[in-house]
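# Structural overview for review
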Amino acid sequence: MNRTERALSFRFVSFLRGRLRPLRPSNPLSDRPPVARCIASHRIASQEKDKLVAEVMRYVLFSQHKDGAPVQRSKISELITTLSPTLKRVNLAGYVIAQAQVKFVKVFGMEMKELSRMAHKKTGKDRTNAPTDPGKEYILKSTLPAAARKRWVDRAEDNAAKAFCITVCALVSISGGMIEEDALWKHLASLGVHQDDEDHPKLGNAKAAIARLCKQRYIMREKASAGGGEDGRDRYGYVLAERALDELGQDGVDAFVQGIMKGAGDDEGEQETGAAA
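What counts, and where the lines are drawn
- Residues numbered from 1 in each chain as written.
- Predicted model: local features only at pLDDT ≥ 70, side-chain atom pairs only at ≥ 80, totals over all residues.
- Heavy atoms only, no water.
- Pairing = 2+ DSSP bridges.
- Helix = DSSP H or I, 4+ residues; strand = E, 2+ residues; numbered from the N terminus.
- Salt bridge = Lys/Arg side-chain N within 4 Å of Asp/Glu carboxyl O.
- Buried < 20%, exposed > 50% of the residue type's maximum accessible area, 1.4 Å probe, protein only.
- Axes fitted to C-alpha atoms, helices over the stretch in contact; angles between N-to-C directions.
- Contact = heavy atoms within 4.5 Å.
- Core = buried A, V, L, I, M, F, W, Y, C linked by side-chain atoms within 4.5 Å.
- Polar contact = N/O pair within 3.5 Å; in protein donor to acceptor, adjacent residues only side chain to side chain.
- Phe/Tyr/Trp six-rings, centres within 6.5 Å; stacked < 30°, edge-to-face > 60°.
- Lys NZ or Arg CZ within 6 Å of the ring centre and 35° of its normal.

Overall, antiparallel pairing links the three strands, which are arranged β1-β3-β2 in an open sheet. Because the sheet does not close on itself, it has two edges, and the strands there are β1 (71–72) and β2 (110–116). In this sheet, strand β3 (residues 136–142) lies alongside β2 in antiparallel orientation, the contact comprising seven bridges. For Glu 111, the partnering residue across the bridge sits in β3 and is Lys 141.

Laid out in structure tokens, this is it:
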């Protein structure tokens, strides 16, 4: 082998050493996403996977039908752990929830929407214990067109509760984002809903109706001031929660208020015209 051949041979060997790596035992799970690795590593049968998805869907459906409150992700994770205690929990809940979201749209025409739960404001000593990462929760929303939803889904007996919810949210909004309890009940009393009503013809117990809006996460009860009441007690108020901001939005609440004010202006104009006549 002459000098030229040796040089070419050296360069080729160097090239191979730089480009080729020692062979390692292949892992069929290493190239899969984390969720897929979790599922495959435990060899979850299709039937068992479908069972977990069905149980999560059943749990969300019954929870929403019971009181309309959002379902917390932590509760879903606990359910999955109870049903399959031997499976690793890492990413398993996320996979099952994602499959349930797909099934809800296909089977029921409903969106299992994820929301970030708003945390209560912390003051004083409680400020250091405030959570940095808000919890996740899920609600069901119809994906049907408005006309179809109005014909097949919406119920006339729910109209009063919906109107009450929008009205309370509007009162919170026009009060600068927070309304004190006394002020809220004063406004509601002018609309015929009194704080001591226990058998309102449409809402039933008035205090329970407000508590229901808090549980359903349309509003939140917050401390307005410490010891600011007439008797020296803490004063509380209400702010909009994540569900009101998602379903109604600030623009939706403002549009509702503008519509009410426009209607009131038209009524006053008609009264003035009638009086002049």
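It is worth spelling out the environment of Asp 254 at this point. With respect to the helices, strands and loops of the structure, Asp 254 is situated in helix α11 (residues 249–276). Separated by 85 residues in the primary sequence, Asp 254 and Cys 169 have C-alpha atoms spaced 9.9 Å apart.

Under the counting rule described, the total for this entry stands at 14 salt bridges. Residue Arg 58 pairs with Glu 55 through a salt bridge whose shortest N-O separation is 2.9 Å. In this pair, Arg 58 and Glu 55 are both assigned in helix α3 (residues 46–67), three residues apart and thus about one turn of the helix distant. Look at Glu 55 and you get partly exposed, because its relative accessible area is 24%. Where Lys 162 meets Asp 154, a salt bridge forms, and the shortest distance between an N and an O atom there is 3.5 Å. Relative accessible area serves as the criterion here: at 40%, Lys 162 is assigned to the partly exposed category. Of the residues examined, Asp 154 reaches a relative accessible area of 33% and is grouped as partly exposed. Connected through salt bridges with shared partners, the residues Lys 113, Lys 141 and Asp 246 form a single ionic network.

In spatial order, the strands read β4-β6-β5; together these three strands make up an open sheet with antiparallel pairing. The two strands at the open ends of the sheet, each matched to only one other strand, are β4 (178–180) and β5 (219–225). Pairs of neighbouring strands in the sheet enclose a mean axial angle of 35°, with direction left out of account. When β4 meets strand β6 (residues 235–240), the two strands line up antiparallel, connected through three bridges. If you follow Met 178 over to β6, its bridge partner there is Val 239. Most of the contacts of helix α7 (residues 159–174) go to β6, to which it runs at about 105°, and overall it touches β4, β5 and β6. Packed on one face of the sheet, helix α9 (residues 206–215) meets β5 and β6 and runs near 105° to β5.

Once that is clear, we can look at the nonpolar core. In terms of nonpolar packing, the biggest core is built from 24 residues, with Phe 164, Val 168, Cys 169, Leu 184, Leu 188, Ile 210 and Ile 219 touching the most fellow members. Listed by contribution, the elements that provide at least two residues to this core are α7, α8 (181–190), α9, β6 and α11. Residues in contact with Leu 184, not counting those within four places in the same chain, are Val 168, Leu 171, Ile 179, Ile 210 and Tyr 238. Residues Ile 80, Leu 92, Phe 104 and Leu 140 belong to the second largest nonpolar core, which totals 20 residues.

We now examine the side chain of Glu 181. Note on placement: Glu 181 falls in helix α8. A relative accessible area of 19% places Glu 181 in the buried class. Engagement of the side chain of Glu 181 in a polar contact is seen with the side chain of Tyr 238, the distance being 2.9 Å. Apart from residues no more than four positions distant in its own chain, Glu 181 is found in contact with Arg 221, Tyr 236, Gly 237 and Tyr 238.

On inspection of all chains with the given rule, the structure shows one aromatic pair. Considering the side-chain rings of Phe 104 and Phe 108, the 5.8 Å spacing of their centres and the 45° angle between planes classify their relative orientation as tilted. Of the two residues, Phe 104 and Phe 108 are both situated in helix α5 (residues 92–108); the distance of four residues between them amounts to about one turn of the helix. With relative accessibility at 0%, the residue Phe 104 sits in the buried group. Its guanidinium or amino end placed over the ring of Tyr 236, Arg 221 lies 4.1 Å from that ring's centre, counting from NZ or CZ.

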